[in-house]
2 protein chains.
Amino acid sequence: MNKPNIPKGTRDFLPEQMARRNYIFNTIRDVFHLYGFEQIETPAMETMQTLMGKYGEEGDKLLFRIQNSGEKAGAAPEKGLRYDLTVPFARLVTQYRNEIHFPFKRFQIQPVWRADRPQKGRYREFYQCDVDIIGTKSLIAEMELMHIVADVYHRLGINVCLKLNNRKILAGIAEVIGEPDRLIDITTAIDKMDKIGKENVNTELIDRGLSTEAVERLQPVLELQGSNRSKLAQLRDVLAESEVGLQGISEVEQLFDLCDASGVDLMIELDLTLARGLNYYTGAIFEVKALDVEMGSITGGGRYDNLTGVFGMPDVSGVGISFGADRIYDVLTELDLFPDDVLQGTKVIFLSFGEDELRYALSCASRVRATGISTEVYPEPAKIKKQLAYADAKHIPYVAIVGSEEMQNAAVTLKNMLTGEQKSMPLNELIDILHRS
Amino acid sequence: MNKPNIPKGTRDFLPEQMARRNYIFNTIRDVFHLYGFEQIETPAMETMQTLMGKYGEEGDKLLFRIQNSGEKAGAAPEKGLRYDLTVPFARLVTQYRNEIHFPFKRFQIQPVWRADRPQKGRYREFYQCDVDIIGTKSLIAEMELMHIVADVYHRLGINVCLKLNNRKILAGIAEVIGEPDRLIDITTAIDKMDKIGKENVNTELIDRGLSTEAVERLQPVLELQGSNRSKLAQLRDVLAESEVGLQGISEVEQLFDLCDASGVDLMIELDLTLARGLNYYTGAIFEVKALDVEMGSITGGGRYDNLTGVFGMPDVSGVGISFGADRIYDVLTELDLFPDDVLQGTKVIFLSFGEDELRYALSCASRVRATGISTEVYPEPAKIKKQLAYADAKHIPYVAIVGSEEMQNAAVTLKNMLTGEQKSMPLNELIDILHRS
């Protein structure tokens, strides 16, 4: 028989990896709760009607389709696995519009599936971790997401920079360089600034049919220097003729004011080259990068004005960001930032030298556990070396050893696995020590 | 455009339902951790080779197959969605046998998919919540799962009875009634005792080809009365000639002894009609029912001696149980046992009368939130009635109202939404009150 295996691009998570992932998800979830966001879940499968045409032609090809089963052909709608959390969310908002109270602050942490070619860091099944506020145009929503970014990365110990842009500023730029209809070409090209450099971006813009003059007029904008506020001031001159451009500047300024008023502790950089691939952003655009390691964006998102239009519910504005759990995992690993106790589940394990001692250990363990301490009993009176190896492999910090002498004295010997110290003591003392450590 | 919808048999979980589900999952997870179990996850997709032939002919038909995408036909293995958590777990244990430390105490909470005909209480996507100890034959493993059942249902406030049987006792019975090879026919039939009654079970046994004599000899066993220990004593006589039967009795007696030694607080009933559909149980068989409501089994499982044999790894014994989250949800709903604060996420929301007050509220909210209190700010200075309706819909227990007077006095007005009491106070006092309530 062949060794069993899993489909390409998918992953198993064994306990240690799972514990580290849970540390990330729990940290993010705690911060979401702190700001009053509520969790939802949607099914893994959506109808193909819901999914198709939402991700462009390329995206459609990457949908995993599910064969109908147990139904007559044509009797049931075609189904596919969800490709992201945004489209199911838009579908849900439309479907339950009368039950949801707006502004709706929701988060969702679930896997998505894409039939992408698997490669390093790209999987066919991966978790997305989305947080959105919909049903309000208030910039306080943007501000709140920036607070969340600050809090999450502060708790994780990752130094980050949040890059900020505004789609309206990009539209203003397209307008003033005389190419108002080429916004998408322009943003698609300058989005690559970081990756391919200015020269190549300019070449691409020419290739996309922009006039040399327009590309030339664009250059000062790409080279703005100074503080965020000073960049905005310079931009205000450049975009003086563009109503939408000035509106974008005003939004960014207001957002900075709100951040000041509420005291957000975050490095923020106005970055006009930031466009992100998705064309549905209509206001703020966010991207977060870790400062101390080379890694792509670890969080990103923005404001969209028409989330649910495609499902027949117009004028729903919202803003959302998505945390990239896999990349955050890689950042924490590379910078060695996972706390020491992430892998610690069980706090104490009882080991015993024989059947009678084991029986005694069971009652001791029940008493320790009743005080809320995660407690195991090695289930067989195996060789102590084997029992200790188990404790070691599970990163259990304390072992309680029960031999005949301990039993006679109604005691246990507690050993600190880190320091090697050990001492015989009554059970109450052991409980005290474990609660205090 | 049609109103968007989801595939038949699948579900969306909106915030309130999600909060109640999380209460169940968190309670179960906390207890698993208390006993030192570690979480794992496996991919939604498994190869068809892993899945096929594991669930019987009927099960094979209920597998959801995934169309290969982006691969040449035949280039990639056929894939399907996981049907349960047991087969992926067996596959994982085989695959990572050299990385896992045994006894392996794992739990897994993930959705599974079955192309069953959807009906009330039966879904095509539902969560399973499995906990297993593998790699030890010690009955302490069984005992520990019984403790977990007791702790989980104690925390949830559900009164339960755990029904216990042992496959070896059933084998012994088949032996002594002279039908040792008909064990599966016998157990399949008597498993239905609760549902169809004794007469119909007897008819079915005859239909399945058992002799009238054998069926007659079976009757006293099905009618055993008295305490568990007394039933075991009677059985010891009946099964005196059967080695395997006596072994089963001895296992159950030892298990009762272990439960006594460790002080398990659980109503346990030896039930010889308990067989459960699955034929792979080899020792203990468990089933848990809620006492105060008519509902099927809410937890079940047992000992198996050959989990991974089908993947080429023989002699792996383990014991496991599965908690039925959907049925537990229904029990808690029917008995009105969800705690009042399950739906409470945000503790306080700041409402404001104008833009300036809103700005002031933002800084107040940041200070409250920094102390760890889940805090919202209504993002627009909308009509107070609208803001209050939002607070009400989200079950937020306190609102902090900021008007111009409050701003001038560097104060806020805190209103208790339950009692209607309200009072103006400095922010520090508000923080104190919220921490104490």
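Quick caveat, the model's predicted, so the values are computed rather than measured.

A. Highlighting the sheet that holds strand S9 (residues 281-290) of chain B. All names here are of chain B. Pairing is mixed across the open sheet formed by eight strands, whose spatial order is S1-S5-S6-S11-S10-S9-S7-S8. Because the sheet does not close on itself, it has two edges, and the strands there are strand S1 (38-39) and strand S8 (267-270). Pairing analysis gives four bridges linking strand S7 (residues 160-166) to S8, with the strands arranged parallel. Among the inter-strand pairings, leucine 164 is bridged to a residue of S8, identified as leucine 270. The strands that helix H11 (residues 243-262) touches are S7, S8 and S9; relative to S7, the one it contacts most, it runs at about 145 degrees.

B. Seen up close, the relation of the copies chain B and chain A. Between chain B and chain A, the superposition needs a rotation of 180 degrees and an axial shift of 0.0 Å, giving an RMSD of 0.1 Å. Expressed as a symmetry operation, the mapping of one chain copy onto the other fits a two-fold axis. Across chain B, the smallest distance between a C-alpha and the rotation axis is recorded for Ile66(B), namely 2.2 Å. Comparing contact sets, 99% of the residues at the interface of chain B also lie at the interface in chain A, consistent with an isologous, same-surface contact.

C. Molecular detail of the pairing of strand S15 (residues 411-416) of chain B. Residue and element names in this part refer to chain B. A large share of S15 lies buried, amounting to five of its six residues. Sheet topology places strand S14 (residues 398-402) next to S15; four bridges connect them, and they run antiparallel. The residue of S15 that forms the bridge with tyrosine 398 is asparagine 416. In the sheet, S15 pairs with strand S16 (residues 422-426) via five bridges, with the strands oriented antiparallel. Counted as the bridge partner of lysine 415 is glutamine 422 from S16. Turn length for the S15-S16 hairpin, with the two strands adjacent in sequence and antiparallel, is five residues, and the turn residue glycine 420 shows positive phi of about 85 degrees.

D. Broad picture of the packing of aromatic side chains. Residue and element names in this part refer to chain A. Enumeration according to the criterion identifies 20 aromatic pairs over all chains in this entry. On the basis of an interplanar angle of 50 degrees and a centroid distance of 5.0 Å, the ring pair of phenylalanine 32 and phenylalanine 107 is categorised as tilted. Of this pair, phenylalanine 32 sits in helix H1 (residues 15-34) while phenylalanine 107 sits in strand S5 (residues 104-113); the two residues are 75 residues apart in sequence, bridging distant segments of the chain. Here phenylalanine 32 matches phenylalanine 107 in class, with each residue buried. Measuring from ring centre to ring centre gives 5.4 Å for tyrosine 378 and tyrosine 390, while their planes differ by 80 degrees; the resulting arrangement is edge-to-face. Of the two residues, tyrosine 378 sits in the loop between strand S13 (375-377) and helix H14 (384-393) while tyrosine 390 sits in helix H14, which places them twelve residues apart along the sequence. The exposure class assigned to tyrosine 390 is buried, which follows from its relative accessible area of 4%. Among the aromatic residues, those joined into a ring-pair cluster are Phe32, Phe37, Phe107, Tyr153 and Phe323.

E. How the structure looks around the domain arrangement of chain A. Looking at the assigned domains, one finds that chain A contains domain 1 (15-334) and domain 2 (344-436). For domain 1 of chain A and domain 2 of chain A, the distance between their C-alpha centres works out to 50 Å.

F. Region of the structure containing the confidence of the model for chain A. The share of residues in chain A with pLDDT of 70 or more is 98%, and the mean pLDDT across the chain is 93. For this predicted complex, the interface confidence score (ipTM) comes to 0.94, while the overall pTM stands at 0.95.

G. Quick peek at the environment of Pro379(B). By the secondary structure assignment, Pro379(B) is in the loop between strand S13 (375-377) and helix H14 (384-393). Judged by relative accessible area, Pro379(B) falls into the buried class, the value being 11%. Each C-alpha atom of the pair Pro379(B) and Leu358(B) lies 7.8 Å from the other, and the pair is 21 residues apart in sequence. Beyond its immediate chain neighbours, meaning those up to four positions away, Pro379(B) contacts Pro103(A), Thr136(A), Ser138(A), Ile140(A) and Leu358(B).

H. How the structure looks around the interface of chain B and chain A. With 90 residues of chain B at the contact, the number on the chain A side is 89 residues. When chain B packs against chain A, the two sides together hide about 7800 Å² of surface, and 60% of this comes from carbon and sulfur. Taken together, chain B and chain A are joined by four salt bridges. For Lys105(A), the salt bridge identified is with Glu376(B), shortest N-O distance 3.2 Å. On inspection of chain B and its partner chain A, the count reaches 30 residue pairs in polar contact (both at pLDDT 80 or more). Looking at the side of chain B that touches chain A element by element, the count peaks at six residues for helix H13 (residues 355-370) of chain B. Of the residues belonging to the side of chain B that touches chain A, the class tally is 39 nonpolar, 28 polar and 23 charged.

Quick notes on the rules
- Residues numbered from 1 in each chain as written.
- Chains lettered and ligands numbered in written order.
- Predicted model: local features only at pLDDT ≥ 70, side-chain atom pairs only at ≥ 80, totals over all residues.
- Heavy atoms only, no water.
- Pairing = 2+ DSSP bridges.
- Helix = DSSP H or I, 4+ residues; strand = E, 2+ residues; numbered from the N terminus.
- Contact = heavy atoms within 4.5 Å.
- Axes fitted to C-alpha atoms, helices over the stretch in contact; angles between N-to-C directions.
- Least-squares fit on C-alpha atoms with pLDDT ≥ 70 in both.
- Buried < 20%, exposed > 50% of the residue type's maximum accessible area, 1.4 Å probe, protein only.
- Phe/Tyr/Trp six-rings, centres within 6.5 Å; stacked < 30°, edge-to-face > 60°.
- Domains from an automatic or database assignment.
- pLDDT = per-residue confidence, 0-100.
- Buried area = accessible area lost by both parts, 1.4 Å probe.
- Salt bridge = Lys/Arg side-chain N within 4 Å of Asp/Glu carboxyl O.
- Polar contact = N/O pair within 3.5 Å; in protein donor to acceptor, adjacent residues only side chain to side chain.
- Nonpolar A, V, L, I, M, F, W, Y, C, P; charged D, E, K, R; others polar.

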